[in-house]
Amino acid sequence: MRSEPSTNILLAEWQGGKHSARDRLIARLHPELDQIAAARLRREHNSSLSTGDLINDAMMQLLNVEGGSVADRAHFVALASRVMRNVLVDHARAKVAAKRRHARVELCTAIDGEQRFDLIQLESALIRLGAIDSQLTELVEMRYFGGMTTADVAVVTGLSEPTVKRRWRVARAWLVDALANPIDDD
Amino acid sequence: MTDVPIERQALALFERLLDVAEGERDAWLAAEAGDRPDLLARVNAMRAADRSERMRTGAAVEDMDEGEDEDPPERIGAYRIVERIGRGGMGSVYLGERATGDFTHVVAIKIIKPGLLSEALVERFQRERQTLANLIHPNIARLYDGGETGDGSPFIVMEFVDGLPLLQWVEEHGIGRAGRQRLFLDICGAVAAAHGSLIVHRDLTPSNVLVTRKGLVKLIDFGIAREAEEGDGDGGTSRRGTTASLSLTPGYAAPERFTGAAVTTAADIYSLGKLLEKLIPPGPADDEVKAIVAQATRQDPKDRYSTVEALAADVAAWRDGMPVAAVRGGRLYTVRKFVGRHRIATAASAFGVLLLIGALALALVANFRAQSARQEAEQRFDQTRAIARVLLFAAYDEVNRIPGSTRARAMLAQTGLRYLDALNASADAPIDVQVDIANGYVRLAQVMGAAGSAGLGRFGDANILLGRAQAIAGRLAATAPDAPGVREMRANVLAEQAGTNLYNNNDPALARRQAQEAQSLLRNVATANVGNARTYAAAIQAEGDSHLWDEHYPQGRDVHLRGEAFIAGLPETMRRQREIAVVRAANLRLLGEAYHRVPDPVAARQALDRAVAINEALAAQWPGDPGLQRALFVALRYRAVVHRSNGRDALARESIDAAVAIARIMVERDRNDAGALRLLALGREVQAQVLSDLRQFPAAYEAVEEGITVQRQLVALAENAPGALRSMAQSMRTGGTAYYYGGDYANACRIWRAARDIFADLERRGSLTEVDRTRGYPEMRDYIRRSCEPPHAGLGPNP
């Protein structure tokens, strides 16, 4: 017998409304995701994996996958998406600090169509969006940071799939515009 | 700082805007927020941002990574990756192999870098995949499969071409002018074949043309270039005017691709002209090739060659030392050449009717080509329009009655499309012509997309065609809403879109809005003539059915009742018209379904009996019409399902036997008609259930086996398309259950295992639907686990 409850049990407790279970889940997820993200960025990890795959990896390690229901899995990934946001933004900040210069967000400079976001700018825009409509921020966490399918997002939010798609599109449009026209906070 | 209240309003407004038809958004916004410049500015900023596709699902890690070099995945779908054979701006190409039976199937797999294709483009590609897979031509690299890898990178599995890019090949092999002309004509032949299948390449460049060791031309990357047209996808491919567009190769891309104007076959003609110029650089005295290049690459699409065939004819003329049309303008020579080429194609189809139509059509192709002079534009429109009408309506219906005419119908539809596109490319078309073009596209979409024998079952094509119709409808709604025929045309487009979105695209909410909008457009003129009444009734039917799709049966029932009341209130002379009777029967069938689900068994039976009776009368009045036969089949089969679930086994048997008999006759008429085969499979599936209820097991098993055999045939016809496989797995699930009821557990398990293997294969290919994932697949595994190791009665009496 292990003294710590299994992740599956914590997940059940959290869904049952127990907040401490969620915190323990996050505590368990954070180092796992942090390690995975760091390895990925150092190219130790198979670098063709997307965020969704990375989270899936973490899930495989933490969760008894056979046992969980679709809803369990979706809720777990949703939680992991939020943790992933923190992890990635932390990594981005650390990287900038290490380089001692601010990586400017490059908009509209499409080389071969490749465009990347500056996660730090994105984070500040996300915080603003959260103040306007927190559900949209959650959608961004789940879709962009978590790579979740609209079907899974629908399971977690209780919204219909078309609504998820439409709202994700709204969030995306707002953010892309916000990044193109940043507000100088400082 | 952010003004939170305004931002909230802007977000809400933008979200509602997404449900407004593309062409009507400006007007809608002006009405909603015209007096609020601050709000309007915010919404418009979001609309602009929406056109960029920068934020991709799950891309967070990649976005912070400067990763350049990625390890190839070990497997893609069913293929093992052997090695990387190339990489470019779009991504990498790998050699893949798959052991199938005794030999190894070698393919090229192109994995596109994440983020390069918009979600809308990926969606479009998935829609068109079947069309692309059916594009079989010796000079086009065959597309086998496509999908998304685990990390969301789109991939394409295609024929492996061991060759070099065109320009490199001709240099290395020291190919002279004659050889280059031959290569160019082969390229034209491939592009013309694609255009005939409604596919525009969009990015023809020398690097997309490979030449094999044996000197065989192979075009690659058909249909995957980004489209500049307005789209309605999730990512919002909207007008993009920047060079950031994917595979918009400067120097080859037609100018309209930069402006966001509709991209038609004319864009490929432009690229072919540029390619010709690179392949055979004209010397100072080469007036003819210069003229050909100039004609192919005119700024205005309508000034270019109207077809690839016409361009090829000119190149061939130049090669043969004949006069070139581009030098002197339209002339008899080109017409003769054109007729000559087409006569072969027409004769090969071996239908007298077709030959006749072919001859008629050719005269008009010539006419269209020759009389491009401005002052004759009116006449040109009228004649081309007349021929498009004949082809799409009268001739199509005529040919449709000939058994085994699937190919002929496809050819007619394609010819019709060429006219419509040619007309549509003319910016100066009068309003009545535009109305006609839009209605023509709708008709063509019905022909292409309608499931079963009435159409060609090409859903992707139907979507594209309706998109073109919608573009015209949107334009006229803004510029000439009250011109004669515009309102009716818009309603027609909307009603058809509603049907397509319901039956092909699985979007009931959108379908419902479109159906309601169609009704409101016609509200005051719904009974003015048969055409309007049909559109109006069809829109009500679609609205009702959209509720049924959402499993809102009482609402569906009420709408279908309204539809029946509308039709019942029409004058007798109208009600007797075929098109009205067809909608009435369909509406009653759906009304029966709604009653059945509510549930109200008595009302359901009444409605279904009436639906069957009307369909029987129609089928008797127009014997041999496949559309009517199909409708009768659907009504009979559904009535059997309802009888069965109400325990009326004998009546169920009677109804399903009649349905199967109809399907059988249809299959006899054309053994390659996938629509008819599908009906037979669906009929046999229900028949097996009914027979097993009646405990007539030997007959039930026979129905099961024939149903599965037909499903196999369908899978082969669809070349292993996931939809066909899924449908076969579904039949197997039901069929195994019939065996199980009969106590033949060994056969039940044999079939369930086959179904499970199909689901597993679909999962490997990334094509498992959500329903399969949560229902079909686990259910099969569960049945097998509980009663198949070894086969026994493990599920109890009622699996």
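Residue indices follow the written sequence of each chain, beginning from 1 at its first position. A letter from A marks each chain and a number from 1 marks each ligand, given out in the order of writing. Whole-chain, interface and lining totals are the exception, using all residues; otherwise, since this is a predicted model, local features are given only for residues with pLDDT of at least 70 and side-chain atom pairs are given and counted only at 80 or more. Derived side-chain values reflect all non-hydrogen atoms in the structure, with water molecules and hydrogen atoms excluded from consideration.

**Student:** What's the story with the packing of aromatic side chains in this structure? I'm lost.
**Tutor:** Here a ring pair, both rings aromatic, is described through the centre-centre distance and the interplanar angle of the planes. Between the rings of Phe, Tyr and Trp (Trp by its six-membered ring), a pair exists once the centres lie within 6.5 Å; its type follows the angle of the planes, with under 30 degrees stacked, over 60 edge-to-face, and the other angles tilted. Under the defined criterion, the tally for this structure stands at eight aromatic pairs over all chains. For the ring pair Tyr144 of chain A and Phe145 of chain A, a centre distance of 5.0 Å and an interplane angle of 80° mean the geometry is edge-to-face. Judged by relative accessible area, Phe145 of chain A falls into the buried class, the value being 1%. Each ring, one from Phe759 of chain B and one from Tyr777 of chain B, has its centre 5.8 Å from the other, and the planes form 35°; the classification is tilted. Taken together, the positions of Phe759 of chain B in helix H31 (residues 745–764) and Tyr777 of chain B in helix H32 (residues 770–787) put the pair 18 residues apart, joining distant regions of the chain. Any residue under 20% of the maximum accessible area for its type is buried, any over 50% is exposed, and the rest in between are partly exposed; the area is computed with a 1.4 Å probe on protein chains only. Strands are runs of DSSP state E lasting at least 2 residues, helices are runs of H or I lasting at least 4, and numbering of each runs from the N terminus.

**Student:** Any chance you could explain the side chain of Arg490 of chain B here in plain terms?
**Tutor:** All names here are of chain B. Note that Arg490 resides in helix H19 (residues 486–503). Although Arg490 is buried, it makes no salt bridge; Glu24 carries the closest opposite charge, 4.1 Å away. Residues within four places of Arg490 in sequence aside, it is in contact with Glu24, Ala473, Ala477 and Leu521. The charge count includes Lys and Arg as positive and Asp and Glu as negative, but it does not include His or the ends of the chains. Within this document, salt bridges are pairs made up of a side-chain nitrogen of Lys or Arg and a carboxyl oxygen of Asp or Glu, the two lying within 4 Å of each other. Here a residue-residue contact requires only that any non-hydrogen atoms of the pair lie within 4.5 Å.

**Student:** Looking at this structure, I do not really get the sheet that holds strand S8 (residues 209–212) of chain B. What am I missing?
**Tutor:** Across a sheet, paired strands are connected by hydrogen bonds in the backbone, their directions being either parallel or antiparallel. Residue and element names in this part refer to chain B. DSSP bridges decide pairing: two strands pair if at least two such bridges lie between them. Here three strands make up an open sheet; going across it, the order is S7-S8-S9 and the pairing antiparallel. Bordering the open sheet on either side are strand S7 (163–165) and strand S9 (217–219), each of which pairs with just one other strand. Taking each pair of neighbouring strands and ignoring which way they run, the sheet shows an average axis angle of 35°. Bridging between S8 and S9 involves three bridges; their strand directions are antiparallel. Paired with Leu210 across the strands is Lys218, a residue of S9. Angles run from 0 to 180 degrees between N-to-C directions of axes, and those axes are lines fitted to C-alpha atoms, restricted for helices to the stretch in contact.

**Student:** Can you help me understand the pairing of strand S5 (residues 143–148) of chain B in this one?
**Tutor:** All names here are of chain B. When S5 meets strand S6 (residues 154–159), the two strands line up antiparallel, connected through five bridges. Paired with Glu148 across the bridge in S6 is Pro154. If you look at the hairpin formed by S5 and S6, you'll find five residues sitting between the two strands, and Gly152 has a positive phi there, around 80°.

**Student:** How do you make sense of unusual backbone geometry when you look at a structure like this?
**Tutor:** Most peptide bonds are trans, and most residues other than glycine sit at a negative phi. Residue and element names in this part refer to chain B. Pro599 follows Val598 through a cis peptide bond whose omega is 0°. Its place among the elements puts Pro599 in the loop between helix H24 (578–597) and helix H25 (601–621). Phi is positive for Glu551, which is not a glycine, with a value near 60°. With relative accessibility at 56%, the residue Glu551 sits in the exposed group. In this structure, Arg695 takes a positive phi of about 60° despite not being glycine. Along the chain, the position of Arg695 falls in the loop between helix H28 (674–693) and helix H29 (697–717).

**Student:** Which parts of the structure should I look at to understand the confidence of the model for chain B?
**Tutor:** Detailed conclusions should not be drawn from predicted coordinates in areas where pLDDT is low. Residue and element names in this part refer to chain B. Confidence of the predictor at the level of single residues is captured by pLDDT, which takes values from 0 to 100. For chain B, per-residue confidence averages 78 on the pLDDT scale, and residues scoring 70 or more make up 74% of the total. Across chain B, element-level confidence peaks in helix H22 (residues 553–568) with a mean pLDDT of 95 and bottoms out in helix H13 (residues 332–348) with 35. Segment residues 65–69 is flagged for pLDDT under 50; beyond a separation of four residues in sequence, or across chains, it makes 14 contacts in the model. Reported confidences for the modelled complex are a pTM of 0.46 and an ipTM of 0.80.

**Student:** I'm lost on the nonpolar core in this one. Help?
**Tutor:** One broad trend across soluble globular proteins is that nonpolar side chains are buried collectively. Here the nonpolar core consists of buried residues drawn from Ala, Val, Leu, Ile, Met, Phe, Trp, Tyr and Cys, with membership extended through side-chain atoms lying within 4.5 Å. If you look at the biggest cluster of nonpolar residues, it comprises 58 residues, and the most contacted ones within it are Leu33, Trp174 and Leu175 of chain A together with Leu11 and Phe14 of chain B. If one sorts the elements of this core by residue count, helix H4 (residues 70–99) of chain A sits on top with ten residues.

**Student:** Which parts of the structure should I look at to understand the pattern of salt bridges?
**Tutor:** It is possible for side chains bearing opposite charge to pair when their charged atoms get close. Tallied over the entire structure, the rule returns 39 salt bridges over all chains. The shortest N-O distance in the salt bridge between Asp26 of chain B and Arg47 of chain B comes to 3.0 Å. Within this pair, whereas Asp26 of chain B is found in helix H2 (residues 25–33), its partner Arg47 of chain B is found in helix H3 (residues 37–50), the two being separated by 21 residues in sequence. By relative accessible area, Asp26 of chain B is classed as exposed at 55%. Among the charged side chains, a salt-bridge network with shared partners connects Arg82, Arg85, Glu123, Glu138 and Glu141 of chain A.

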